[in-house]
Amino acid sequence: MSDCIFCKIANGEIPSNTIYENEDFRVILDNGPATKGHALVLPKKHYADLFEIPDDVLAKAVQTGKVVASMLKEKLKCDGVNLVQNNGSAAGQTVMHYHLHVIPRYENDGQHILWKPTSPSAEELVEVKNTIIG
Ligand code: AMP
Ligand code: ZN
């Protein structure tokens, strides 16, 4: 993908704050971080999202995220880590090149990455279940 910014960053054509690299991925600091150390796992090959990335590469992306989460825990002494991955603009995806967010969390960091729970009835939940499995 010649006009994809994450392709260019992942392959070193555009400079980035790289904190980890292996054969398949470059991990960079997000330039609009939720918290200190917020990182992005970028595959070096272009896949738009979860539905395009092959299963074996996806598994390696999560493994790479785990390596980086451990680095952030050790070096930045974060108290927790969120792995977040958005697919489609409705889900908040703004760059259409698969990326896994690794977000270190600190007690009282003031971020709001978790959702607001709703209260469907038992019948509504069953209806959703039947739609999915039917
Ligand atoms: P998403 O909303 O899941 O598509 O996440 C895109 C993320 O990429 C956002 O958190 C942006 O801050 C980040 N981002 C966009 N462009 C760059 C860039 N050139 N370097 C580093 N991070 C970027
Ligand atoms: Zn790309």
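Refer to the preceding data block for the structure.
Residues numbered from 1 in each chain as written. Chains lettered and ligands numbered in written order. Predicted model: local features only at pLDDT ≥ 70, side-chain atom pairs only at ≥ 80, totals over all residues. Heavy atoms only, no water.

Draft legend 1. Just the environment of valine 95, in detail. Mapped onto the elements, valine 95 comes out in the loop between strand E4 (80-84) and strand E5 (100-105). Residues valine 95 and cysteine 4 lie 91 residues apart in sequence; the distance between their C-alpha atoms is 8.5 Å. If we skip the residues at most four places from it in the chain, valine 95 touches Ile5 and Phe6. (Helix = DSSP H or I, 4+ residues; strand = E, 2+ residues; numbered from the N terminus. Contact = heavy atoms within 4.5 Å.)

Draft legend 2. A look at the pairing of strand E2 (residues 25-29). With four of its five residues buried, E2 lies for the most part within the structure. Between strand E1 (residues 18-21) and E2, which pair antiparallel and follow one another directly, the connecting turn spans three residues. (Buried < 20%, exposed > 50% of the residue type's maximum accessible area, 1.4 Å probe, protein only. Pairing = 2+ DSSP bridges.)

Draft legend 3. Region of the structure containing the site of ligand 1. Not every one of the 16 residues close to ligand 1 is listed here, only the nearest: Asp30, Asn86, Gly92, Thr94 and His101. Between ligand 1 and aspartate 30, the relevant distance is 2.5 Å, taken from an oxygen atom to a side-chain nitrogen or oxygen of the residue. Between histidine 101 and ligand 1, the recorded distance is 2.8 Å, taken from a side-chain N or O atom to an oxygen atom. In isolation ligand 1 offers 500 Å² of accessible surface; the protein chains occlude 79% of this area. Within the residue set of the shell around ligand 1, elements represented by two or more residues are helix H1 (5-10) and E2. By residue number, the principal contributor to the shell around ligand 1 is H1, which donates three residues. Looking at the shell around ligand 1, its residues break down into seven nonpolar, eight polar and one charged. (Near = heavy atom within 4 Å. Polar contact = N/O pair within 3.5 Å; in protein donor to acceptor, adjacent residues only side chain to side chain. Areas by Shrake-Rupley, 256 points an atom, 1.4 Å probe, with all protein chains shown as cover. Nonpolar A, V, L, I, M, F, W, Y, C, P; charged D, E, K, R; others polar.)

Draft legend 4. Structural context of the coordination of the zinc ion (ligand 2). For the zinc ion (ligand 2), the full set of protein donor atoms is Cys4 (SG), Cys7 (SG), His46 (ND1) and His97 (ND1), and the range of their distances to it is 2.1 to 2.3 Å. Each of the four donor atoms bound to the zinc ion (ligand 2) contributes to angles spanning 105 to 117°, and the resulting shape is tetrahedral. Mapped onto the sequence, the residues coordinating the zinc ion (ligand 2) show the spacing C-x2-C-x38-H-x50-H. For cysteine 4, a relative accessible area of 8% gives the class buried. (Donors = N, O, S within 2.8 Å, 3.2 Å for Na, K, Ca; no water. Tetrahedral: all angles 85-135°; square planar, octahedral: opposite > 155°, others 65-115°.)

Draft legend 5. Representation of a nonpolar patch on the surface in the model. Where nonpolar side chains cluster on the molecular surface, the patch consists of Val62, Val81 and Leu83 and spans about 210 Å² of accessible area. Along the chain, the position of valine 62 falls in helix H2 (residues 55-76). A relative accessible area of 41% means that valine 62 is categorised as partly exposed. (Patch = residues over 30% accessible without salt bridge, like charges linked within 9 Å, V, L, I, M, F, W, Y side chains within 5 Å. Salt bridge = Lys/Arg side-chain N within 4 Å of Asp/Glu carboxyl O.)

Draft legend 6. Fine view of helix H3 (residues 122-133). Here H3 spans 17 Å end to end across twelve residues, near enough to the 16 Å set by a 1.5 Å rise per residue. Counting buried residues in H3 gives zero out of twelve residues, a small share hidden from the surface. (Expected span 1.5 Å × (residues − 1).)

Nothing here speaks to function; it is geometry throughout.
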